Amino acid sequence: MKRFVTVLLAVAVGWLWATAPLAQEDMETVPNDAFTSPQRPPAVFVHDAHNEAAGIDECNRCHHVYREGQLVPDESSEDYRCSDCHAETAADDGMPALMGAFHGNCKQCHLELENGPVMCGECHQRP
Amino acid sequence: MHAIYGWVTGPLTWIAFLLFFGGLLYRLVQLLILVRRKEPFIFSYMSLKYSLRSILHWILPFGTVNWRLHPVMTIVTFAFHICLLVAPVFLMAHAILFEEAWGFGWPSLPDVAADWMTLIVIAGAVFFLVRRIVRPEVRFVTSTSDYVLLAVVAAPFVTGFIAYHQLFAYRWMLVAHIVSGQVMLVAIPFTRLVHMLFAPLTRAYTGSEFGGVRHAVDW
């Protein structure tokens with residue numbers, strides 16, 4: 001009986017842990033679960049440490065909101081996944097597809113600032 | 001690293017492709033001028049039908065007597081050349097970089113497929129190398145430039161493989177990969193690698209002569 005309770009508890013704790021939403025402060029890679037069959041290891045991205053080191057104050061530098069094609073300056077969309085708006089395959093409405101959205105956000109900034117990784121394997125690091 | 005990466009993916013890439021396409025055009029024009037001066041009558045019997053017929057036989061594995069006589073060499077040659085062309089052109093990373101630069105890309109192979117094709121190219125290069133060393137009749141006609149050309153062709157694939165798997169020195173390996181690819185592109189028009197352009201032309205000419213003049217087949 002005692003053993004049964006222990007197992008039950010362990011399962012419950014495990015279940016809670018597994019389904020608890022991952023907070024951004026724990027994020028170490030950008031999840032690639034929105035891609036049907038990912039080809040590369042997920043990109044290294046220690047969310048909070050990265051943004052601190054890069055000196056990005058505005059959440060909506062990445063978690064942006066557009067209205068009628070215009071970037072809304074003081075709203076942000078961190079409650080959404082990028083994949084909620086960016087589809088995996090490109091539609092012809094001018095929206096970047098999901099991979100293009102990530103590369104356009106991450107790599108583009110690194111190229112412009114000449115700081116931060118720009119080579120495939122610097123982000124998609126193999127374990 | 002940003003400066004080096006920017007340089008090899010920017011100006012160096014432009015130079016490599018300009019020399020590649022410009023060089024091929026130059027070799028083609030040079031060839032046509034030579035033919036016009038030395039043997040202008042060739043143009044009188046060039047035939048599209050016989051040209052295509054000859055090319056078709058020679059690009060089919062075992063499509064010619066010569067291919068059938070050397071089955072191992074034939075299989076390795078075809079596997080090597082197909083992978084050599086297809087892997088880089090349809091590599092996902094190349095298509096992504098092109099799309100980032102030009103706004104459009106093309107369908108690409110899964111990485112696993114390209115990885116295997118790369119191994120086939122490397123294995124093919126090793127086969128050609130060993131063949132040159134151990135077969136006396138081949139060694140006899142081999143010069144240093146043959147080894148250099150083989151290395152020039154193999155280098156982008158070896159460095160690409162190491163970089164993709166991040167085996168060691170990733171950043172330097174990627175730079176080495178890009179530069180060796182550029183060296184190979186530039187080498188194509190200006191070395192015997194020009195057979196990429198001339199091989200079909202030679203077949204067209206031979207096929208036309210055999211078909212239209214000698215009424216024989218050239219395969």
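Here the structure is a predicted model, which is why all the values come from computation and not from measurement.

Participant: What is the right way to look at the overall build of chain A in this model?
Facilitator: What chain A contains, in helices and strands, is five helices and two strands. Reading the helices (α) and strands (β) of chain A from amino to carboxyl end gives α-α-β-β-α-α-α. Within chain A, counting contacts between residues at least 6 apart in sequence, those at least 24 apart form 29% of the total. Counting only carbon and sulfur atoms, one obtains 59% of the accessible surface of chain A, whose full area is about 9700 Å².

Participant: Before we go on, may I ask you to explain the overall build of chain B in this structure?
Facilitator: In terms of regular secondary structure, chain B is built from 12 helices and zero strands. Seen in sequence order, chain B has helices and strands lined up from the N terminus as α-α-α-α-α-α-α-α-α-α-α-α. Based on the C-alpha atoms only, the size of chain B along its principal axes is roughly 60 × 40 × 35 Å. Surface summary for chain B: the accessible area is close to 13100 Å², and the carbon and sulfur share equals 76%.

Participant: I tried to follow the confidence of the model for chain B on my own but got confused; where do I start?
Facilitator: Regions with low pLDDT should not have their predicted coordinates read in detail. Confidence in the prediction for chain B averages 91 pLDDT; 100% of positions are at 70 or higher. The complex prediction reports pTM at 0.90, with the ipTM value standing at 0.84.

Participant: Explanation requested: a nonpolar patch on the surface in the structure shown.
Facilitator: All names here are of chain B. On the surface, a nonpolar cluster with roughly 480 Å² of combined accessible area is contributed by Val126, Leu129, Val130, Ile133, Val134 and Tyr147. The dominant element in the nonpolar patch, judged by the number of residues it contributes, is helix 8 (residues 111-134), at five residues. Tracing the chain through its elements places valine 126 in helix 8.

Participant: Sorry if this is basic, but what is going on with the nonpolar core here?
Facilitator: A general feature of soluble globular proteins is that nonpolar side chains tend to end up buried together. All names here are of chain B. Counting residues in each nonpolar core, the largest one holds 22 residues, and the members touching the most others are Phe80, Leu84, Val121, Val153 and Leu193. Mapped onto this core, the elements with two or more residues apiece are helix 2 (11-38), helix 6 (71-89), helix 8, helix 10 (144-164) and helix 11 (170-190). Sorting elements by how many residues they give to this core places helix 10 first, with six residues. Those residues in contact with valine 121, other than ones at most four positions away along the chain, are Phe80, Cys83, Leu84 and Phe157. The next biggest cluster of nonpolar side chains, apart from the first, holds 11 residues, and it includes Tyr5, Val8, Ala163 and Leu174.

Participant: Honestly, helix 7 (residues 92-102) of chain B in this entry has me stumped. Any pointers?
Facilitator: Residues spaced three or four apart along an α-helix face the same direction, because each turn holds 3.6 residues. Within helix 7 of chain B the residues assigned to the buried category are Met92, Ala93, Ala95 and Ile96 of chain B. In a view along the axis of helix 7 of chain B, the buried residues occupy a sector of 160°, so they form one face of it. Away from its buried face, by an angle of more than 90 degrees, helix 7 of chain B presents the exposed residues Ala101 and Trp102 of chain B. Among the structural elements, helix 4 (98-113) of chain A together with helix 8 of chain B are those in contact with the buried residues of helix 7 of chain B.

Participant: Any chance you could explain the interface of chain B and chain A here in plain terms?
Facilitator: On the chain A side, the residues contacting the 17 residues of chain B number 17 residues. When the area that chain B buries against chain A is broken down by residue, the three leading residues are His2, Tyr5 and Gln166 of chain B, summing to 36%. Connecting chain B to chain A are three salt bridges. Across the salt bridge formed by lysine 107 of chain A and glutamate 100 of chain B, the nearest N and O atoms sit 2.7 Å from each other. Linking chain B to chain A there are 11 residue pairs in polar contact (both at pLDDT 80 or more). Put simply, the parts of the chain that give the side of chain B that touches chain A at least two residues each are helix 1 (2-9), helix 7 and helix 11 of chain B. Looking at the side of chain B that touches chain A element by element, the count peaks at five residues for helix 7 of chain B.

Procedures and definitions
Within any chain, residue numbers begin from 1 and follow the written order of that chain's sequence. Here chains are named by letter from A upward and ligands by number from 1 upward, in the order in which they appear as written. Residues qualify for local features only when their pLDDT is at least 70, as the model is predicted, and side-chain atom pairs are given and counted only at 80 or more; totals for whole chains, interfaces and linings, by contrast, use all residues. Excluding hydrogens and water, the side-chain values take into account all heavy atoms of the structure. A run of H or I in DSSP becomes a helix once it reaches four residues, and a run of E becomes a strand once it reaches two; helices and strands are each numbered from the N terminus. Any two residues whose heavy atoms approach within 4.5 Å at even a single point are treated as in contact. Here the Shrake-Rupley method, with its probe set to 1.4 Å, supplies the accessible areas, and only the displayed protein chains count as covering residues. As a per-residue measure, pLDDT tells how confident the predictor is, with possible values from 0 to 100. Residues forming no salt bridge and having over 30% relative accessible area are the ones grouped into patches, like charges within 9 Å of each other and nonpolar side chains (Val, Leu, Ile, Met, Phe, Trp, Tyr) within 5 Å. For salt bridges, the criterion is a side-chain nitrogen of Lys or Arg within 4 Å of an Asp or Glu carboxyl oxygen. Throughout this description, the term nonpolar core refers to a set of buried Ala, Val, Leu, Ile, Met, Phe, Trp, Tyr and Cys residues connected via side-chain atoms within 4.5 Å. Residue burial is assigned from relative accessible area. The probe radius is 1.4 Å, only protein chains are included, and a residue is buried under 20% of its type maximum, exposed over 50%, and partly exposed in between. Taking the helix axis as origin, the arc is that swept by the directions to the C-beta atoms. Note on terms: buried area is the combined drop in 1.4 Å-probe accessible area of two parts once they are placed together, counting the loss on both. Whenever two N or O atoms come within 3.5 Å, that pair is a polar contact, provided that in protein one can donate a hydrogen and the other can accept it, and provided that, for residues adjacent in sequence, both atoms are side-chain atoms.

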